[in-house]
Structures are given as structure tokens and as C-alpha cells.
Amino acid sequence: MNDAIDTLYAKKLDIIPDFQFDELVAQVFDNMITRSVPGYEALLNCLTLIAQKYVKPNTNVYDLGCSLGKATLAIQSGIINVNCHIIGLDKSIAMIQRCQAIPMQQKPPITFIQANICQTPLTLASMIVLNFTLQFIPITQRTALLEKIYQALIPGSALIISEKLQFSYEKQAILDSLHQAYKQQNHYSDLEISQKREAIANQLIPETLNTHTERLKKIGFKTITVFFQHFNFISMLAIK
Ligand SMILES: C[S@@+](CC[C@H](N)C(=O)[O-])C[C@H]1O[C@@H](n2cnc3c(N)ncnc32)[C@H](O)[C@@H]1O
């Protein structure tokens, strides 16, 4: 893993290109996500505990949109004695190349694959994780992806979805200002915050908690619960 500091939006840009998970972002992504997503490290620990509880022998575990593999490794550390296969998928070549270079000493084995998760078959899974990935999938493709995930999960198994949420106007204003304070506390300047916001606006499309929950219920998930929230970021556990 690398610990390069994210300064991608530190200088005034004449044109702000759409945000992409490219080589430049991959170089600083560890730093970017911990400084931008409140509670990220604590959430990784939750994934370890959920993996301990839900992963079953002779199944697959998928980390969809694995970026640099932080969540994938957190899952692995919860199931070192379970005979299963962990698969981390990401469509970004820059991200997956870094994942494939991670030294693998522990079991269960992890395979990192460069692929579009909307076009990849998933099978026999006891745990599937979408950690801040669904928000980058076009809204029109989200139901089909979640239906595919549901079909791949064995009964009683777990889907984890972490997302930035959209709230009603008043709540949104409060939570946005707290999120801004979090980023300032992590030494992002107002210029960096506003340029990044503009770059990501058309790429990260948040939905309300109600939209997420109703869609998961309609697909067939039995129990859906929020297990983690930090300002406008939440994580849900949906059990098949
Ligand atoms: C915010 S990052 C995820 C962070 C990561 N899960 C973690 O916990 O560190 C979103 C990731 O989803 C990936 N992604 C977006 N759309 C994708 C798709 N259709 N197929 C595969 N990966 C995708 C991006 O390349 C990016 O690496």
C-alpha cells in the first residue's frame, strides 16, 4: 500500500475534469479515502466482524469495487480459518494492479480481477460487499446488479452496502456541514473541497436510505439494517 498525500485538487484548476479512478487517484487513494470518508477505518473493523459471523466454508466472498483492497484484507482477517475464496473486483486497472502486487501470506486466498461488476457472473457467495461502490454505478443499473447479487447469495448470507446518502433538505445541510468540517480537520483546503465536489458531482449519485431499503426489500432481502453511520455515510447489512 502507499501513503502518498492527496493533493489532486490543491491547485486552482481552469477546467475540472470528471473524477475517475485512474492512475493519479490510485496513487493517493488510501490517503484520500481516510481523509474524506468519516469512520472508514472503524468500518473496516466492522467488515472483519461481519465476515467472522457470516462467511461459510466452501463459498465465495466478493468485494465489489475493491479499489486498493483495504476492505478485502479486512474481510480476510476475519476468516483466516475458513476454507473459502475471496474475490476482489474493480474495473480500474490502476487499482487492480496495486491489489495484485499485495504480498499474500495469509489464507483464505484472495484473487483480484479487473472487471466491470455489472457484467461479471457471481456464484455461491456467503458474503458480498459493496463498500462505497454502488453510488458510482449508474442508477439504471443498480437494481439489476443487486438482483444478481441476491441470486448469488446462499440463504442466510450477507450483503453489506456502504454509501454516501441523500437526506431531506434540512438534514442534508447539517450533515454536509459536518462532513465539510471533517475534511477541513483532515487538512483539505476549501479550494480542494469545492474542486473535488465539482469533479465528483456527476459520478457519485447518492440515494436516500428509503430508496435503498425499498429496493432491497423488493428484491427479496429478509432483514435490512443500518449498522454504522458517520454523518452522511452509512453502512447497511442485508440478509437473504
Ligand atoms: C469509492 S471506491 C471503493 C472503495 C473500496 N471499496 C474500499 O473500501 O476501499 C469505488 C470503486 O468502485 C470501482 N467501480 C466503479 N464502478 C465499477 C464497476 N462498474 N465495476 C467495477 N468496479 C467499479 C471504482 O473503480 C473504485 O475503485
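Above this text is the structure in question.
To start, this report covers the structure provided alongside it. (Residues numbered from 1 in each chain as written. Predicted model: local features only at pLDDT ≥ 70, side-chain atom pairs only at ≥ 80, totals over all residues. Heavy atoms only, no water.)

### Let's talk about the sheet that holds strand E3 (residues 110-114)
What holds strands together in a sheet is hydrogen bonding between their backbones, with the strands either parallel or antiparallel.
Part 1 of the reasoning: Strand order in the open sheet formed by seven strands is E3-E2-E1-E4-E5-E7-E6, with mixed pairing between adjacent strands. Looking at the sheet topology across the chains shown, the edges are occupied by E3 and strand E6 (223-230). Averaged over all neighbouring strand pairs, the angle between strand axes comes to 15 degrees, with direction disregarded.
Part 2 of the reasoning: Relative to strand E2 (residues 85-90), strand E1 (residues 60-64) runs parallel, the two sharing five bridges. Following the sheet pairing, Asn60 is matched in E2 by His85.
Part 3 of the reasoning: Against the sheet, helix H2 (residues 40-54) contacts strand E4 (125-131), strand E5 (153-164), E6 and strand E7 (233-239), and its axis sits at roughly 170 degrees relative to E4.
Part 4 of the reasoning: Along the sheet face, helix H8 (residues 209-219) touches E5, E6 and E7 and points at about 15 degrees away from the line of E7. (Pairing = 2+ DSSP bridges. Helix = DSSP H or I, 4+ residues; strand = E, 2+ residues; numbered from the N terminus. Axes fitted to C-alpha atoms, helices over the stretch in contact; angles between N-to-C directions. Contact = heavy atoms within 4.5 Å.)

### A closer look at the site of the ligand
Part 1 of the reasoning: In the vicinity of the ligand there are 19 residues, among which Tyr40, Gly65, Ser67, Asp90 and Asn131 approach most closely.
Part 2 of the reasoning: A distance of 2.6 Å separates an oxygen atom of the ligand from a polar atom in the side chain of Asp90.
Part 3 of the reasoning: Relative to its unbound accessible surface of 600 Å², the ligand loses 96% to contact with the protein.
Part 4 of the reasoning: The class makeup of the residues in the shell around the ligand is 11 nonpolar, six polar and two charged. (Near = heavy atom within 4 Å. Polar contact = N/O pair within 3.5 Å; in protein donor to acceptor, adjacent residues only side chain to side chain. Areas by Shrake-Rupley, 256 points an atom, 1.4 Å probe, with all protein chains shown as cover. Nonpolar A, V, L, I, M, F, W, Y, C, P; charged D, E, K, R; others polar.)

### A look at unusual backbone geometry
Part 1 of the reasoning: For the bond running from Lys107 to Pro108, omega is -5 degrees, close enough to zero to count as cis.
Part 2 of the reasoning: Summarising the element assignment, Pro108 is placed in the loop between helix H4 (93-100) and E3.
Part 3 of the reasoning: For Ser67, which is not glycine, the phi dihedral falls at a positive 50 degrees.
Part 4 of the reasoning: Relative to the helices and strands, Ser67 is located in the loop between E1 and helix H3 (70-78).
Part 5 of the reasoning: Taking the relative accessible area as the measure of exposure, Ser67 reaches 12% and is therefore buried.
Part 6 of the reasoning: Notably, Phe132 is not glycine yet its phi reads approximately 65 degrees, a positive angle.
Part 7 of the reasoning: Tracing the backbone shows Phe132 in the loop between E4 and helix H5 (139-152).
Part 8 of the reasoning: Accessibility expressed as a relative area gives 9% for Phe132, which makes it buried. (Buried < 20%, exposed > 50% of the residue type's maximum accessible area, 1.4 Å probe, protein only.)

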